[in-house]
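# Survey of secondary and tertiary structure
Here are the chains, one letter per residue:
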Amino acid sequence: MQISCAFPPGPDVVDHVVLAEELGYERAWMFDSPALYTDVWVALARAAERTSRIGLGPAVLVPGLRHPLTQASAIASLAELAPGRTVVAIGTGFTGRMALGLAPLPWAQTREYIAQVKALLAGEQVEVDGAVVQMIQSEGYAPARPIDVPIVVAANGPKGVAVAHELGDGIMTVAGSGNTEFDWCASLVLGTVLDDGEALDSERVFAAAGPALTVVYHGMYEGDPSAVEGLPGGAEWRARLAAVPERERPLTIHKGHLLAVTELDRPLLDGDLIAAFTWTGPAEQGRERAALAAASGLTEILYAPMGPDIERELRAFRSAFD
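Residues numbered from 1 in each chain as written. Predicted model: local features only at pLDDT ≥ 70, side-chain atom pairs only at ≥ 80, totals over all residues. Heavy atoms only, no water.

### A word on helix α8 (residues 234-242)
Let me state the cut-off plainly: When a residue's accessible area, from a 1.4 Å probe over protein chains only, is under 20% of the maximum for its type it is buried; when over 50% it is exposed; and in between it is partly exposed. Counting from the N terminus, the helices are DSSP H or I runs at least four residues long and the strands are E runs at least two residues long. Think of the arc as the fan of directions from the helix axis to the C-beta atoms. Residue contacts are defined here by distance: any two heavy atoms, one from each residue, within 4.5 Å place the two residues in contact.
Looking only at α8, the buried set comprises G234, W237 and L241. Relative to the axis of α8, the buried residues are bounded by an arc of 60 degrees and lie together on one face. Residues of α8 that are buried sit in contact with α7 (203-223) and α9 (249-254).

### As for helix α5 (residues 107-121)
Residue pairs three or four apart in sequence face the same way in an α-helix, which turns once every 3.6 residues. Rules: Here a helix's expected span is defined as the number of its residues, less one, multiplied by 1.5 Å.
Here α5 spans 21 Å end to end across 15 residues, near enough to the 21 Å set by a 1.5 Å rise per residue. Listing the buried residues of α5 in full gives W107, T110, Y113, I114, Q116, V117, A119, L120 and L121. G123 lies just past α5 and shows a positive phi near 95 degrees.

### A short note on the packing of α7 against α8
How we decide: The axes are straight lines fitted to the C-alpha atoms, using for helices just the contacting stretch, and the angles between their N-to-C directions are given from 0 to 180°. Throughout, the term roughly parallel applies to angles under 35 degrees, roughly antiparallel to angles over 145, roughly perpendicular to angles from 65 to 115, and oblique to all others.
Two numbers describe how α7 lies on α8: the axes approach to 12 Å, and their chain directions differ by 70 degrees. On the basis of their axis angle, the class for α7 and α8 is roughly perpendicular. Between α7 and α8, the contacting residues are Y217, H218 and Y221 on the first element and G234, W237, R238 and L241 on the second.

### Observations regarding unusual backbone geometry
The amide bond that connects A59 to the next residue, V60, takes the cis arrangement and shows omega of 0 degrees. Structurally, the position occupied by V60 is in the loop between β3 (55-58) and α3 (68-81). The residue after R145, namely P146, is reached through a cis peptide bond having omega 5 degrees. Looking at where P146 falls in the secondary structure, it is placed in the loop between β6 (131-133) and β7 (151-154). The phi torsion at D129 lies on the positive side, around 55 degrees, for a residue other than glycine. Structurally, D129 is set in the loop between β5 (126-128) and β6. Taking relative accessible area as the criterion, D129 reaches 76% and is therefore assigned exposed. At L258, a position not held by glycine, the phi torsion is positive, near 60 degrees. Examined against the element boundaries, L258 turns out to sit in the loop between α9 and α10 (271-277). For L258, a relative accessible area of 7% corresponds to the buried category.

### As for the environment of R266
One can find R266 in the loop between α9 and α10. Sequence spacing of R266 and F206 is 60 residues, and the spatial spacing of their C-alpha atoms is 9.3 Å. Once residues lying within four places of it in the same chain are set aside, the contact partners of R266 are E203, F206 and V261.

### Thoughts on the packing of aromatic side chains
Applied cut-off: Aromatic pairing here means that ring centres of Phe, Tyr or Trp (its six-membered ring) are within 6.5 Å. Orientation follows from the plane angle: under 30 degrees is stacked, over 60 is edge-to-face, and everything else is tilted.
Per the stated rule, a full pass over the model turns up five aromatic pairs. When the centroid spacing of 6.1 Å and the interplanar angle of 40 degrees are considered together, the rings of F31 and Y37 count as tilted. Note on F31: relative accessible area 9%, which makes it buried. Within the aromatic cluster, the residues linked to one another by ring pairs are Y217, Y221 and W237.

### Regarding the pattern of salt bridges
Basically, it comes down to this: For this analysis, a salt bridge means a side-chain nitrogen from Lys or Arg found within 4 Å of a carboxyl oxygen belonging to Asp or Glu.
Summed over the entire model, instances satisfying the criterion amount to 13 salt bridges. Residue E166 is joined to R111 by a salt bridge in which the shortest nitrogen-to-oxygen separation is 2.6 Å. Here E166 is found in helix α6 (residues 158-167), whereas its partner R111 is found in helix α5, with 55 residues between them in sequence. Between E313 and R204 there is a salt bridge, and its shortest N-O distance comes to 2.9 Å. Highlighted residues: E313 in helix α12 (residues 310-319) and R204 in helix α7, separated in sequence by 109 residues. Beyond isolated ion pairs, a larger network of salt bridges with shared partners links D195, E198, R204, R312 and E313.

### Looking at the packing of α5 against α6
To be explicit about the condition: We call a crossing left-handed when the near helix sits turned anticlockwise from the far one by less than a right angle, and right-handed when that turn is clockwise. Under the convention adopted here, Pro, Cys and the residues Ala, Val, Leu, Ile, Met, Phe, Trp and Tyr are nonpolar, Asp, Glu, Lys and Arg are charged, and Gly plus all remaining residues are polar.
Orientation of α5 relative to α6, taken along the N-to-C sense of each, is 15 degrees, at an axis distance of 10 Å. In terms of their interaxial angle, α5 and α6 are classed as roughly parallel. Considering how the two elements wind past one another, α5 and α6 form a crossing that is right-handed. From α5, W107, R111, I114, A115 and K118 reach across to α6, where they touch K159, G160, V163, E166 and L167. In terms of residue class, the contact of α5 with α6 is made up of five nonpolar, one polar and four charged.

### Quick notes on the side chain of E21
For clarity, the threshold we go by: A residue counts as positive if it is Lys or Arg and as negative if it is Asp or Glu; His and the chain ends are not included. Two N or O atoms form a polar contact when they lie within 3.5 Å of each other; inside protein one atom must be a possible hydrogen donor and the other a possible acceptor, and for residues adjacent in sequence the pair counts only when both atoms belong to side chains.
Structurally, the position occupied by E21 is in helix α1 (residues 13-23). One buried charge, E21, has no salt-bridge partner; the nearest side chain with opposite charge is R85, at 4.4 Å. Within the structure, E21 has its side chain in polar contact with the backbone nitrogen of S52 (distance 3.0 Å). The residues contacting E21, other than those within four sequence positions of it, are T51, S52, R53, I54 and R85.

Structure (C-alpha cells):
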C-alpha cells in the first residue's frame, strides 16, 4: 500500500509538499478547481522545483476546463521539471465543474478527451473541434515526444471503469474503496488521527475533519436534492439552502470545499457522523481500515489533510503507518 497525500493549491502548498517528501509520502496530488483554488499547474511546478523524490500530479483534471493541447502542454511542462515523477488523473468533474454551475461531463466526452491528450503526448496529430492540432514545439521547448506520463482515470461506475480499462494506467476512486480489476487503484481518504483520549466532537476534530463530512451532503444534493434529506439534519440544511437564490446555489454549496466548514454547513457537524463517513479515529483504526481497503484492491491512499494545522495532520497520518 502506497501512502500519498492530496492538497488544494494555495499559499502554503509547496511547504506542505516539501514536508510530505521528508515524511516519506509516495506522491503529492493537487486538486483542480479554478473557482476554489489557484492554478494547479503553477503550484505543481513550484513544488517540482523544491523537491527531488516525491511524485507529483493533478487529481483530478477536468475536461472542458482546458483545450486538450493546452492540457497536454501543461503535462509536458511538469514532466520536464519532474521527470519520472509526474502522474495525472482525469475524470468527469465534480466540484471543478459544479462550482461553475455545470454538471459532470458524460463519459463519452471524457473518454474522447483522455484519448486526445494521450495521443498528443505521443506526438500524434489529433482533430479537436474540426481542426488538426499537434505538439510541434521545437527542440528544447518541450520534452521529446512520445512523453510517457501515467494517466489514471477517476471513476466509480461501470462506464468510467470501462474507460479506465481502455485508456488508463490505473483507476482512482473515492472514500477508500478498492477495485481488484486494476494493478493501480488509488483512492481519496479524508479524516484525522485522534490524539489519545480525544473526543470525536472536539473543535480540533471538527476543524480537521468537518469539511469531509459536509462534502457528503454536497455530493448527495448535487446528485438528487431530495436524497440529502435522508441524512441527519439534511432537511433543515436543504431548507436553509433554499433561501439562497438558485443561480448562486452552486457557489454557496461548494465554497470552502475540503478547506473549511461554512456557516451554512456548521449545524451538520457531528462527531459520530464524522467517524462514520471519514477515516477519523485512533491510529490503529486507520491501519485496520487500510488493511481492509488493500484487501478490496486499493493500492494507494491519497490522504487529504484539512484544518488549521496541516503539518500536524500530515505527521499524524504518516506515523500511523510506520
